[in-house]
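# What the coordinates show
Now for the letters of each chain:
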Amino acid sequence: MQLLEIKNLKVSVDDNVILDGLNLSIGKGEVHVLLGPNGAGKSTLVNTIMGHPQYHVESGSIYFEGKDITHAPVNERAKAGLFLSFQNPEEVPGISLESFIRTSRNTVTGQPVKLFAFKKELRQKMDELNMSEEYASRYLNVGFSGGEKKKSEILQMLMLNPKLAILDETDSGLDVDAVRIVSQGVEKYKNSDNSLLIITHNTKILEYLQVDAVHVLMDGKIAKTGDRTLIDQINESGFQHLSAAPAV
Amino acid sequence: MKTTGNKTYVEDIDRSVYDIKDKVDAAYQVAQGLTPEIVREISEAKNDPEWMREFRLKSLEIYNRLSLPNWGPSLEGLNMDNIVTYIRPNTAMRGNWKEVPDDIKNTFERLGIPEAERKSLAGVGAQYDSEVVYHNVREEVRRQGVIYTDMESALHDPVYGPMVKEHFMKLVPPEDHKFVALHGAVWSGGSFVYVPEGVQVEIPLQSYFRLNAPGAGQFEHTLIIVEKGASLHFIEGCSAPKYNVANLHAGCVELYVAENARLRYSTIENWSKNMYNLNTKRAVVEKGGTIEWVSGSFGSHVSYLYPMSILKGENSRMEFTGITFAGNGQSLDTGAKVVHAAPHTYSNINTKSISKDGGNCTYRSSVTVLPNANDCKSSVSCESLMLDDRSRSDTIPAMDIQNDNVDIGHEAKIGRISDEAIFYLMSRGISEDDAKAMIVTGFAEPIAKELPVEYAVEMNNLIKLEMEGSIG
């Protein structure tokens with residue numbers, strides 16, 4: 001059984017069909033990379049997997065650990081072990097990052113959080129991400145720089161330890177040092193149980209990861225799947241020559 | 001979460017505790033409406049000194065001369081001919097809680113008033129309909145020379161009577177507007193507070209106003225004098241059970257803050273939704289003094305409420321923090337006014353409003369800087385949150401700046417509860433209801449932390465409770 005299995009997915013936004021006939025499978029412990037030209041529907045795909053209400057599934061199904069989650073509420077998907085690192089995380093005033101993560105962990109695990117151990121773990125992970133401690137008591141993402149927002153996403157991922165983490169351009173807009181720190185965070189998360197689906201324009205974040213598959217999303221479906229070398233091919237010659245190629 | 005069908009819907013605040021009505025057992029009440037005879041009758045019943053009787057009759061003349069405001073929420077449902085302006089409860093004022101009659105006592109017990117006094121207050125006053133039924137101050141506060149009593153006792157006191165005469169409706173004259181003229185004619189009850197020079201009152205005083213009788217008006221007068229270098233925190237709370245006829249609240253608050261004195265005036269207003277709340281509050285602040293307003297408006301059918309601060313002395317300051325929550329059938333027109341009348345004065349107005357289920361919130365403010373007020377600073381920030389597309393929010397800030405050498409800032413934001421934010425929170429396992437509650441609580445948080453703590457906790461609990469369930 002695959003961890004995530006998407007079958008023949010058709011998705012529309014405001015009556016425009018964005019994805020049509022998309023298939024994708026991710027196994028336990030695997031790292032998959034999703035590439036594609038701008039506007040191909042990469043963000044549509046990951047938002048649909050997470051259950052964003054703006055994206056309407058017209059047909060097809062999404063299974064997570066064999067369970068049909070195509071129409072499951074967003075929070076139930078999170079509880080099942082899905083996580084999305086947002087491209088532009090929302091700012092939510094009035095709730096601190098720390099208390100938000102605590103509430104979130106409490107809900108996702110269904111276990112009461114032990115305060116002292118939690119605090120210690122949070123401090124340690126923030127330290128690893130080179131985040132100053134004061135961010136814990138600041139309102140969720142409010143006034144954070146682009147880089148701090150992305151670190152806040154990775155921090156949440158590390159604290160929630162989901163089964164599948166989807167990173168939507170987590171490395172974009174970051175300087176070299178921040179990319180390195182975020183990449184190290186991702187590497188810490190990855191183990192033989194946890195899986196990743198990474199949307200990126202940058203190979204830096206993949207440097208320390210073993211990539212199991214690379215997919216190219218074009219014309220509403222997966223146009224090509226290959227191994228790591230596909231990334232280099234595309235970096236050299238772009239997506240253009242792929243569009244005529246038959247889907248794999 | 002789906003966008004189709006579901007609307008963000010928040011229930012009304014649970015008012016059950018406020019809505020318990022007592023049997024109306026008045027010792028005495030005047031007839032409905034407003035005539036010189038009724039005003040004389042009130043004055044007689046209250047055994048007013050001569051000057052006060054004249055003041056009342058003069059105010060009535062002014063009331064008859066002035067017209068209703070031609071702006072703001074509709075006052076159509078308010079017919080003065082149907083309002084009973086004076087209802088004396090069936091008891092004299094007590095200084096001992098045990099002596100207050102059982103039904104009145106039970107009402108205040110349900111509202112948690114005596115408990116709050118035992119726990120965290122320096123003194124408590126409780127008004128029931130037109131008269132104050134209970135007043136008590138802690139011994140150590142009394143020993144500091146602090147006077148906290150009902151207005152009638154102060155008016156008849158040989159020492160404080162002249163002080164009342166000197167200050168009563170001098171800051172808010174009856175000519176100001178129609179409802180304050182009405183107040184001048186029929187006022188009854190309220191609190192008088194005097195804090196002598198240099199005295200710091202460490203724990204708050206609280207007055208609680210309860211209007212029980214249907215179709216009645218409450219017109220309490222609050223007069224606070226904080227002398228040089230002294231400080232005080234005063235809290236007022238108001239509530240009433242819901243009736244099908246209009247009730248009217250036209251109180252008046254006058255605050256005198258002397259040199260380097262500090263006064264914090266907190267109000268939690270939770271009138272029932274048949275109440276017209278047309279209240280007037282004003283402070284004058286001398287050199288180096290500070291007035292801080294904290295204002296929570298949750299109840300009433302219609303409110304007009306704009307506490308005003310006159311920064312009269314150099315380096316005087318005002319801070320206004322307010323939150324307004326309007327639900328179905330409510331039009332709450334709230335805000336603040338400030339006049340910078342001296343150099344180096346500072347004002348900061350920070351308000352939030354939440355409207356839902358067809359409720360209307362209007363933020364209205366005015367900032368005036370007089371020509372001589374060099375180098376003053378004013379910042380105004382108002383934010384509104386609308387929880388559905390049937391609710392309404394307006395922002396009407398006015399500024400009259402007559403001096404170039406000033407630093408003035410204004411920021412207004414009107415928003416809806418964002419679907420993206422709900423999605424974000426839900427993607428971390430939080431349910432839709434909890435996500436909405438989190439966003440609304442978070443929106444109110446900067447204000448909630450200024451409220452007296454038991455009110456802040458209650459407000460957050462209410463928001464959480466109201467967010468559960470219902471789909472519109």
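This text follows the structure it describes.
This section reports on the structure supplied with the text.

Parameters and conventions
Residue positions are given per chain, counting from 1 as you read along its sequence in written order. Lettering for chains starts from A, numbering for ligands starts from 1, and both go in the order in which the items are written. Per-residue local features of the predicted model are confined to residues with pLDDT of at least 70, and side-chain atom pairs are confined, for both listing and counting, to 80 or more; whole-chain, interface and lining totals are unaffected and use all residues. Only hydrogens and water are set aside when side-chain values are computed; all heavy atoms of the structure are taken into account. A run of H or I in DSSP counts as a helix once it spans at least four residues, and a run of E counts as a strand once it spans at least two, with each numbered from the N terminus. To get the radius of gyration, use the C-alpha atoms; to get the globule rule, take the number of residues to the power 0.38 and multiply by 2.2 Å. Buried, partly exposed and exposed residues are distinguished by accessible area as a fraction of the type maximum, computed with a 1.4 Å probe on protein chains only: under 20%, between the cut-offs, and over 50%, respectively. The criterion used for residue contact is that any of the two residues' heavy atoms lie within 4.5 Å. Counted as positive: Lys and Arg. Counted as negative: Asp and Glu. His and the chain ends are not counted at all. Charged side chains are reduced to one point each, which is NZ for Lys, CZ for Arg, CG for Asp and CD for Glu. DSSP calls a pair of strands paired once it identifies at least 2 bridges connecting them. Angles here are taken between N-to-C directions and fall from 0 to 180 degrees, while the axes themselves are lines fitted to C-alpha atoms, restricted in helices to the stretch in contact. Any two rings among Phe, Tyr and Trp, with Trp reduced to its six-membered ring, count as a pair given centres within 6.5 Å; such a pair is stacked if its planes are under 30 degrees apart, edge-to-face if over 60, and tilted if neither. Charge over a ring is defined by NZ of Lys or CZ of Arg lying within 6 Å of the ring centre and within 35 degrees of the ring normal. By definition, a salt bridge exists where a carboxyl oxygen of Asp or Glu is found within 4 Å of a side-chain nitrogen of Lys or Arg. When two parts are brought into contact, each loses some accessible area as probed by a 1.4 Å sphere; the total of that loss over both is the buried area. For the purposes of these results, a polar contact is taken to be a pair of N or O atoms within 3.5 Å, where, inside protein, one atom must be able to donate a hydrogen and its partner to accept one; residues adjacent in sequence count only when each atom of the pair is a side-chain atom.

## Focus: the overall build of chain A
The helix and strand inventory of chain A stands at 7 helices and 12 strands. Here the C-alpha radius of gyration of chain A, 18 Å, is about what a compact globule of 248 residues would show, namely 18 Å. By principal-axis analysis of the C-alpha atoms, chain A measures approximately 55 × 40 × 35 Å. Classification of the 248 residues of chain A by burial places 53% in the buried group. Pairs at least 24 residues apart make up 67% of the contacts formed inside chain A by residues separated by at least 6 positions. Mean positive and mean negative side-chain charge positions of chain A (26 and 32 charges, respectively) differ by 6 Å.

## Things to note about the overall build of chain B
Looking only at helices and strands, chain B has 12 helices and 25 strands in total. The globule rule puts the C-alpha radius of gyration for 472 residues at 23 Å, and the 22 Å found for chain B is close to it. For the C-alpha atoms alone, the extent of chain B along its principal axes is close to 70 × 60 × 50 Å. In chain B, buried positions account for 61% of the 472 residues.

## Some thoughts on the pairing of strand β7 (residues 205-210) of chain B
Residue and element names in this part refer to chain B. Within β7, 6 of the 6 residues are buried, which leaves the element mostly enclosed by the surrounding structure. The alternating pattern of β7 places L205, S207 and F209 and Q206, Y208 and R210 on opposite faces, both of which are buried. Pairing of strand β3 (residues 123-128) with β7, which is carried by 6 bridges, proceeds in the parallel orientation. Paired with Q127 across the two strands is F209, which belongs to β7.

## Describing helix α1 (residues 42-50) of chain A
Residues and elements named next belong to chain A. Across the 9 residues of α1, 8 count as buried, placing the element largely inside the fold. Within α1 the residues assigned to the buried category are K42, T44, L45, V46, N47, T48, I49 and M50. G51 lies just past α1 and shows a positive phi near 100°.

## Focus on the sheet that holds strand β19 (residues 317-326) of chain B
Within a beta sheet, neighbouring strands are joined by backbone hydrogen bonds and run either parallel or antiparallel to one another. Residue and element names in this part refer to chain B. Overall, mixed pairing links the 10 strands, which are arranged β4-β3-β7-β10-β13-β16-β19-β21-β23-β25 in an open sheet. Whereas interior strands pair on both sides, the edge strands pair on one side only; in this sheet they are β4 (131-137) and β25 (406-416). The sheet shows a mean angle of 10° between the axes of neighbouring strands, direction not considered. Across the face of the sheet, helix α4 (residues 102-110) comes into contact with β3, β4 and β7 while running at roughly 120° to β3. Contacting β19, β21 (346-355) and β23 (376-386), helix α11 (residues 432-448) runs over the sheet at an angle of about 155° to β21.

## So, unusual backbone geometry
All names here are of chain A. Look at N141: it is not a glycine, yet its phi comes out positive at around 65°. One non-glycine residue, D219, adopts positive backbone phi at about 50°. The topology assignment puts D219 in the loop between β11 (213-218) and β12 (221-226). Classification of D219 as exposed rests on a relative accessible area of 62%.

## Regarding the sheet that holds strand β1 (residues 4-13) of chain A
Residue and element names in this part refer to chain A. What the 4 strands build is an open sheet, ordered β2-β1-β4-β5; its pairing is antiparallel. Either end of the sheet is taken by a strand with one partner, and the two such strands are β2 (16-26) and β5 (67-68). Two strands pair when backbone bridges link them, and strand β4 (residues 56-64) and β5 are joined in this way by 2 bridges, in the antiparallel orientation. Along β5, the bridge assignment pairs F64 with K67. Strand contacts of α1: β1, β2 and β4, with the helix running at about 110° to β1, the strand carrying the most contacts.

## Quick look at helix α9 (residues 178-186) of chain B
In terms of residue burial, α9 of chain B counts as a mostly covered element, since 9 of its 9 residues are buried. Those residues of α9 of chain B not exposed but buried are K178, F179, V180, A181, L182, H183, G184, A185 and V186 of chain B.

## Focus: the packing of aromatic side chains
If you walk through the whole model with that rule in mind, you get 14 aromatic pairs over all chains. Plain terms: the ring middles of F86 of chain A and Y424 of chain B are 4.9 Å apart, the flat faces sit at 85° to each other, and that makes the pair edge-to-face. Placement of F86 of chain A in the loop between β6 (82-85) and β7 (92-96) and of Y424 of chain B in helix α10 (residues 419-426) is noted, with the two residues assigned to different chains. You'll find F86 of chain A and Y424 of chain B in the same group, each marked buried. Geometrically, the ring pair formed by W71 of chain B and Y304 of chain B is tilted, given 5.2 Å between the ring centres and 55° between the ring planes. Of this pair, W71 of chain B sits in the loop between α3 (50-65) and β2 (87-89) while Y304 of chain B sits in strand β17 (residues 302-305), placing them 233 residues apart in sequence. Residue classification places W71 of chain B among the partly exposed positions, given a relative accessible area of 38%. A network of ring pairs unites the aromatic residues F86 and F100 of chain A together with F423 and Y424 of chain B as a single cluster. The side chain of K352 of chain B reaches across the aromatic face of F443 of chain B, ending 4.6 Å from its centre.

## Examining the pattern of salt bridges
All names here are of chain B. This model, assessed by the stated rule, comprises 31 salt bridges over all chains. One salt bridge connects K46 with E152, and the closest N-O pair in it is separated by 2.5 Å. Of this pair, K46 sits in the loop between α2 (36-45) and α3 while E152 sits in helix α7 (residues 151-156); the two residues are 106 residues apart in sequence, bridging distant segments of the chain. Take K46 and E152: they sit in the same class, and that class is buried.

## A look at the interface of chain B and chain A
Each partner contributes residues to the interface: chain B has 21 residues there, and chain A has 31 residues. Roughly 2,100 Å² of surface becomes buried between chain B and chain A when both sides are summed, with 67% attributable to carbon and sulfur atoms. The largest contributions to the chain B side of the interface with chain A come from F423, Y424 and R428 of chain B, which together make up 37% of the buried area. Applying the counting rule to chain B against chain A returns 1 salt bridge. Taken together, chain B and chain A are joined by 9 residue pairs in polar contact (both at pLDDT 80 or more).

## Some words on the environment of I181 of chain A
All names here are of chain A. Its location among the elements puts I181 in helix α6 (residues 176-189). Residue I181 is classed as buried on the basis of its relative accessible area of 9%. Separated by 139 residues in the primary sequence, I181 and K42 place their C-alpha atoms 24 Å from one another. When neighbours within four sequence positions are excluded, I181 is seen to be in contact with E128, L129, N130 and K151.

## Comments concerning the side chain of K281 of chain B
Residues and elements named next belong to chain B. Structurally, K281 is set in strand β15 (residues 280-285). At 2.8 Å, the side chain of K281 and the side chain of E236 are in polar contact. Setting aside its immediate chain neighbours within four residues, K281 contacts E236, V253, Y265, T267, W293, L305, Y306, P307 and M308.

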